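# Results of the structural survey
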Amino acid sequence: MAYVATRGGERAIEQSERLYRAQMGQIDAARVAEIEKALPALVDRVMGEASLYAPDLAALALAQSGGDLYEALLLLRAWRTTQPRLQIAEVVAPDAGFTHRRISAAFKDIPGGQILGPTLDYAHRLLATEVLEDQPYAPPAVEPAAKPAPATHPSLAEWQRAQGLVTTPEAAPVPRDEIPDLTREPLLFPAKRAHTLQSLARADTGGTLALGYSAMRGYGNSHPTVNELRLSEVEVMVAHPDGRRFSAGRVKTSQAEVVTTKGKGELRLGFTATLGWNEVKCISAATLDLNAPGAEKNSPVEEEFFLYHTEPVESSGFCIHFKLPHYVTFQSSLDNLRAAKTAKAEQAQPTDKKEETA
Amino acid sequence: MFDRHGGEMPSDDLTTLARADAARLKHLAEEILPRLGDMQVLKSGTGLVMLPMRDTVQGVEFHLGEVLVAEAHVRLPSGTEGYGMVTGRDIERAMAMALLDAALSDGTAADRIRAFIEAEAQAQQAADTETLRRIEATRVDMETF
């Protein structure tokens, strides 16, 4: 029965894809360029979750999928597998990026000061409906300061370490090609910290928010305060065949550190960084990292629980697979259900007969 | 920023070439190309560079994700090699960088290329300064906060 349905669906499948793509119409380079220019936050979010820094390809994936984020991610993750890995860049130090934004909600007077950078945090949330009435909205120009900001800012955790507020042991550096890599090895538990942080860097923004928010609301064991939130551009330092080191260009990164005073006489920190600028994801994921030590099994802040459930391609893929024909398995379950009902009825019948004869 | 890597200072020339304005870079490479003779292309294509970062909490190094790059590797008739790698997928741009690197190492049009690198470095510095002046405008002055 299931085979007949599959064969009969061929034309319907073809037309259904056409019907979906008809909504977007023709896709050209100009549309892709406009998406990249007009939607930097969305492009960044997609690049982080795809774990592939390529703004034009992310914009193309968005154009092609009509804005379905999970479809866009799948396109990018699949495309990525067609590309050879040429090098592993030098390790980026967390305080080394060309910093656009660096704030702390825990400490007012941080070394280097509070730099708001580009943000809508303090904006009035008013919809500019006049744009629809043919009155374009042009943002007022930034008034640059007379002197430039420093290009880099010190790490807050380093400052706290120097003050004895944080005493987490520092891991020993490993050779670059021995850094654990989830794209080449499976995620096993208890997870290596490098796997946890790579997994969170690629995690679904919505997924980390949902689970991180549950911890923030009290279903975790620690309440977060943002120790440091940073948006930067970091250099991709590669090697020339003759050994010279140079930057092949800059990529946008975001990182968040959250802190709790619920420790043994010192501050405890959680951390997440990702490609692209995505603050909600970094704060939520850092909250999960903060809450993970000692978390109860099967709770949302337990590492295995949140890492498995925030992988965007696997989770969305598993969800949408339920739309595919399950006729045979469902029919089989239905047969079992009917058989059980019949058996139950038959069991009940002799009793009735007994009652009748009694 | 980049500690523990042999101590050699990064090559500012290569960094400047990688970040140079794509149109101007290609234009200069085309201008110099006829003087380089029959060169051999050893590599030309796109690929990925994995980008690791160090965590601030435990100092653990982990992979942030991969960056799409274009790469080119050439050899001149003299045996001198040139290499280019730039973020993105513009292979022509990586090739132009590789040609200029090879020419510079070979002493072909060296003055012209040096002048180009100097001008581009100045433009990049000016662009960074302008960006940082705009960023500085968002500094919170806590006394008047």
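The name an unreviewed UniProt entry gives chain B is Alpha-D-ribose 1-methylphosphonate 5-triphosphate synthase subunit PhnG, with Pseudooceanicola antarcticus as the organism.

The name an unreviewed UniProt entry gives chain A is Alpha-D-ribose 1-methylphosphonate 5-triphosphate synthase subunit PhnI, with Pseudooceanicola antarcticus as the organism.

## Considerations on the overall build of chain B
For chain B, the helix and strand inventory stands at four helices and three strands. Written out in order from the N terminus, the α and β elements of chain B read α-α-β-β-β-α-α. For 145 residues, the compact-globule estimate of 2.2 N^0.38 gives 15 Å, and the C-alpha radius of gyration of chain B, at 19 Å, exceeds that figure by more than 25%. Oriented by its inertia axes, the alpha-carbon framework of chain B measures out at about 65 × 35 × 30 Å. Looking at chain B as a whole, 43% of its 145 residues are labelled buried.

## Side note on the interface of chain A and chain B
The interface of chain A with chain B comprises 73 residues on the first partner and 56 residues on the second. Contributions of two or more residues to the side of chain A that touches chain B are made by strand 1 (52-53), strand 2 (85-88), helix 8 (193-201), strand 4 (225-239), strand 5 (245-260) and strand 6 (268-275) of chain A. Considering each element in turn, the side of chain A that touches chain B owes the most residues, eight residues, to strand 5 of chain A. Where strand 1 of chain A and strand 2 (residues 61-75) of chain B come together, two bridges link them in parallel fashion. The partner of L52(A) across the bridge, within strand 2 of chain B, is E66(B).

## Examining the sheet that holds strand 6 of chain A
All names here are of chain A. Ordered by their spatial adjacency, four strands build an open sheet running 3-4-5-6, and the pairing between neighbours is antiparallel. At either margin of the open sheet sits one strand with a lone partner, and together these are strand 3 (98-103) and strand 6. Put simply, the sheet's adjacent strands are angled 20 degrees from each other on average, direction ignored. Bridge analysis of strand 4 against strand 5 gives 13 bridges, and the strand direction is antiparallel. By the bridge assignment for strand 5, E228 is matched with E257.

## A closer look at the environment of P180(A)
Residue and element names in this part refer to chain A. With respect to the element layout, P180 can be found in the loop between helix 7 (156-162) and helix 8. A residue is classified by how many C-beta atoms lie within 10 Å of it, and P180, with 20 of them, is buried. Residues P180 and L116, 64 residues apart in the sequence, show an inter-C-alpha distance of 34 Å. Once residues within four sequence positions are removed from consideration, P180 is found in contact with E185, K192, A194 and H195.

## What about the nonpolar core?
Among the nonpolar cores identified, the biggest contains 110 residues, and V46(A), A58(A), V49(B), L51(B), M97(B), L99(B) and L100(B) are the most heavily contacted of them. Here this core takes ten residues from helix 3 (residues 91-106) of chain B, the largest share from any one element. Those residues within four positions of V49(B) in sequence are excluded, and the remaining contacts are L86(A), Q87(A), A89(A), V236(A), V238(A), A248(A), E66(B), V67(B) and V69(B).

## Some remarks on the confidence of the model for chain B
Residues and elements named next belong to chain B. For chain B, per-residue confidence averages 93 on the pLDDT scale, and residues scoring 70 or more make up 92% of the total. Across residues 1-6 the pLDDT falls below 50, and counting only partners more than four positions away or on other chains, this stretch makes nine contacts in the model. In the model output, the complex is listed with pTM 0.92 alongside ipTM 0.94.

## Structural notes on the domain arrangement of chain A
The domain architecture assigned to chain A consists of domain 1 (2-80), domain 2 (98-117 + 148-317) and domain 3 (328-352). The straight-line distance from the C-alpha centre of domain 2 of chain A to that of domain 3 of chain A is 54 Å.

Thresholds applied
Residues numbered from 1 in each chain as written. Chains lettered and ligands numbered in written order. Predicted model: local features only at pLDDT ≥ 70, side-chain atom pairs only at ≥ 80, totals over all residues. Helix = DSSP H or I, 4+ residues; strand = E, 2+ residues; numbered from the N terminus. Rg over C-alpha atoms; globule rule 2.2 N^0.38 Å. Buried ≥ 20, exposed ≤ 12 C-beta atoms within 10 Å, placed from the backbone. Contact = placed C-beta atoms within 7 Å. Pairing = 2+ DSSP bridges. Axes fitted to C-alpha atoms, helices over the stretch in contact; angles between N-to-C directions. Core = buried A, V, L, I, M, F, W, Y, C linked by C-beta atoms within 7 Å. pLDDT = per-residue confidence, 0-100. Domains from an automatic or database assignment.

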